[in-house]
Amino acid sequence: MKKKVGFVGWRGLVGSVLLNRMIFKKDLSKLNIKFFTTSQVGHNGPKINNTKFGILENAYDLQKLIEMDIILTCQGSEYTKKVYFNLKKLGWTGFWIDASSYLRMHKSAIIVLDPVNYNFIMQSIENGCRTFVGGNCTVSLMLMALGGLFDNNLIKRIFVSTYQAVSGAGSSYIKKLLLEMGVLHNSVKDDLKKNNISILKIESVITSLLKSRNSFRLFNDTPLAGNLIPWIDSDNNDGKSKEEVKGQFETNKILNLKTDEEVIIDSMCVRISTFRCHSQSFLIELNKIINLSEIKSILLNHNKWTEIVDNDKYSTIRYLTPSMVSGTLKILLGRIRFSSFGKSYITVFSIGDQLLWGASEPLRRMLNILIKL
Ligand code: HSE
């Protein structure tokens, strides 16, 4: 019998990427899926490859939700907060798969990233776990990139500098970035055509535009184009952003490490003006000295999505860029070398698509694990 799956939040950014992947991988034919909505109850559901998926159900109707074997939600933390515990109180014993962060650190929830923690996921299901949550995107992308080193217990501690795409802040930020790029270009496009114009004159127009409160700040906050923002998510009030705190806690939870086994992960998380790939620069202290070719083969053998770019100028500039990874499941690794800090320190740069491995793909794969049970 096909499992009854209720899908909530399938029209948002992560939900749409997930639905597209499910269509591409032909997952829908394996499910008895119902689409839920928080705003368009009774409207027609999606029509996918000539199949109509019925009428949209009310995502707050607990009596409808309780009929589901699995609920898959990309609706966000507020929705989870309103619905999850009420559903549990009614005695619902189905599986909850969630893209939002609300339940991530809850003791009853497992953070899913099956190429990294498949055994832990399966053991948790056996032990009665019913709640599976996608990890923070930088954490999941780091673990996909460095999984081999974690698996071989080679990492003592890591410092990560992130370069996070605007998609991580939501679809409105992708639009904001594009609009800002247009405004900047328009402001100097005539000057750019002139041969004798000073580049400093052009730059001063751009700079004053970036600083102006009124004309440029389309969303009344800090510009994304021609800029960066070294703070992501809320203030943890200890000098760290919440994004930086998640790195330490979520990694150790995904790996199911005991307190005395925990890996120290410190980070500086930065929003930059790329669209959907998060990049990360790692300074890693290893537990032992090991040669670079062995490190590379450990990284490559961990999962089939990692690819290594040679650490030379041409290969790095040509291949190790977000634009090469966008829209794919590749996890690119490069700049692998020993650090000047000493032979037990290495540097690695990685890039992954924030909407795929960073958000939707671990959930799609979790759904597939559950429907095979
Ligand atoms: N917090 C991430 C970001 C989103 O802002 O880029 C993915 O978890």
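Presented here is a report on the structure given in the accompanying data block. (Residues numbered from 1 in each chain as written. Predicted model: local features only at pLDDT ≥ 70, side-chain atom pairs only at ≥ 80, totals over all residues. Heavy atoms only, no water.)

### Examining unusual backbone geometry
Within the chain, N49 stands out as a residue other than glycine whose phi angle is a positive 50°. Turning to its location among the elements, N49 is positioned in the loop between strand 3 (47–48) and strand 4 (51–52). With a phi close to 55°, N153 is a non-glycine residue in the positive phi region. Along the polypeptide, N153 turns up in the loop between helix 5 (137–151) and strand 10 (155–163). The exposure class assigned to N153 is exposed, which follows from its relative accessible area of 58%. (Helix = DSSP H or I, 4+ residues; strand = E, 2+ residues; numbered from the N terminus. Buried < 20%, exposed > 50% of the residue type's maximum accessible area, 1.4 Å probe, protein only.)

### A closer look at the pattern of salt bridges
Any two side chains of opposite charge can pair if their charged atoms end up close together. Within this structure, the stated rule accounts for 16 salt bridges. The partner of K30 in a salt bridge is D27, with the nearest N and O atoms 2.9 Å apart. Residue class for D27 comes out buried when judged on its relative accessible area of 1%. Between E180 and K176 there is a salt bridge, with its nearest N and O atoms 2.6 Å apart. Separated by 4 residues within a single helix, E180 and K176 lie in helix 6 (residues 171–193), roughly one turn from each other. The same class applies to E180 and to K176, which are both buried. Linked by salt bridges that have partners in common, R21, D27, K30, E361 and R364 make up one network. (Salt bridge = Lys/Arg side-chain N within 4 Å of Asp/Glu carboxyl O.)

### Remarks on the site of the ligand
For the ligand, the full set of nearby residues is N136, C137, Q164, G168, I232, E243, R271, H278 and Q354. Contacts to the ligand include N136, whose side-chain N or O atom sits 3.5 Å from an oxygen atom. Here a nitrogen atom of the ligand sits 2.8 Å away from a polar atom, N or O, in the side chain of E243. When the ligand is considered free in solution it has 260 Å² of accessible area, and contact with the protein chains removes 85% of it. (Near = heavy atom within 4 Å. Polar contact = N/O pair within 3.5 Å; in protein donor to acceptor, adjacent residues only side chain to side chain. Areas by Shrake-Rupley, 256 points an atom, 1.4 Å probe, with all protein chains shown as cover.)

### Details of the layout of surface pockets
A water-sized probe rolled over the atoms picks out the places where empty space is left. Here the largest pocket defines a volume of roughly 870 Å³. Along the wall of the largest pocket there are 38 residues; nearest its centre are S167, G168, A169, G170 and Q354. Among the residues forming the lining of the largest pocket, the class breakdown is 13 nonpolar, 18 polar and 7 charged. When its volume is computed, the second largest pocket comes out at roughly 390 Å³. Of all the secondary structure elements, the ones that give two or more residues to the lining of the second largest pocket are helix 4 (114–126), helix 5 and strand 10. Counting residues per element, the lining of the second largest pocket draws most heavily on helix 4, which supplies 7 residues. (1 Å grid on protein atoms, 1.4 Å probe; cavity = no way out; pocket = protein on both sides within 12 Å on 5 of 7 lines; lining within 4 Å. Points joined across faces, edges and corners; volume = space filled by probe spheres on them. Nonpolar A, V, L, I, M, F, W, Y, C, P; charged D, E, K, R; others polar.)

### With respect to empty space enclosed by the protein
Tallied over the full model, the rule gives 1 cavity of 30 Å³ or more. The space that makes up the largest cavity amounts to roughly 70 Å³. T138, V139, M142, V160, T162, E243, G247, I265, S267 and Q280 are the residues that line the largest cavity. Those elements that place two or more of their residues in the lining of the largest cavity are helix 5, strand 10, helix 8 (242–254) and strand 11 (264–268). Here the lining of the largest cavity gets 3 residues from one element, more than from any other, and that element is helix 5. Residue classes in the lining of the largest cavity are distributed as 4 nonpolar, 5 polar and 1 charged.

### Remarks on the pairing of strand 6 (residues 70–73)
Of the two faces of strand 6, the one lined by I70 and L72 and the one lined by I71 and T73 are each fully buried. Alignment of strand 1 (residues 3–8) against strand 6, held across 4 bridges, turns out to be parallel. Following the sheet pairing, V8 is matched in strand 6 by T73. Taken together, the 4 bridges between strand 6 and strand 7 (residues 95–98) define a ladder with parallel strand orientation. The residue of strand 7 that forms the bridge with I70 is F95. Tracing the backbone out of strand 6, into helix 3 (residues 77–89) and back to the parallel element strand 7 gives a crossover that is right-handed. (Pairing = 2+ DSSP bridges. Right-handed = clockwise from strand over helix to strand, strands pointing away.)

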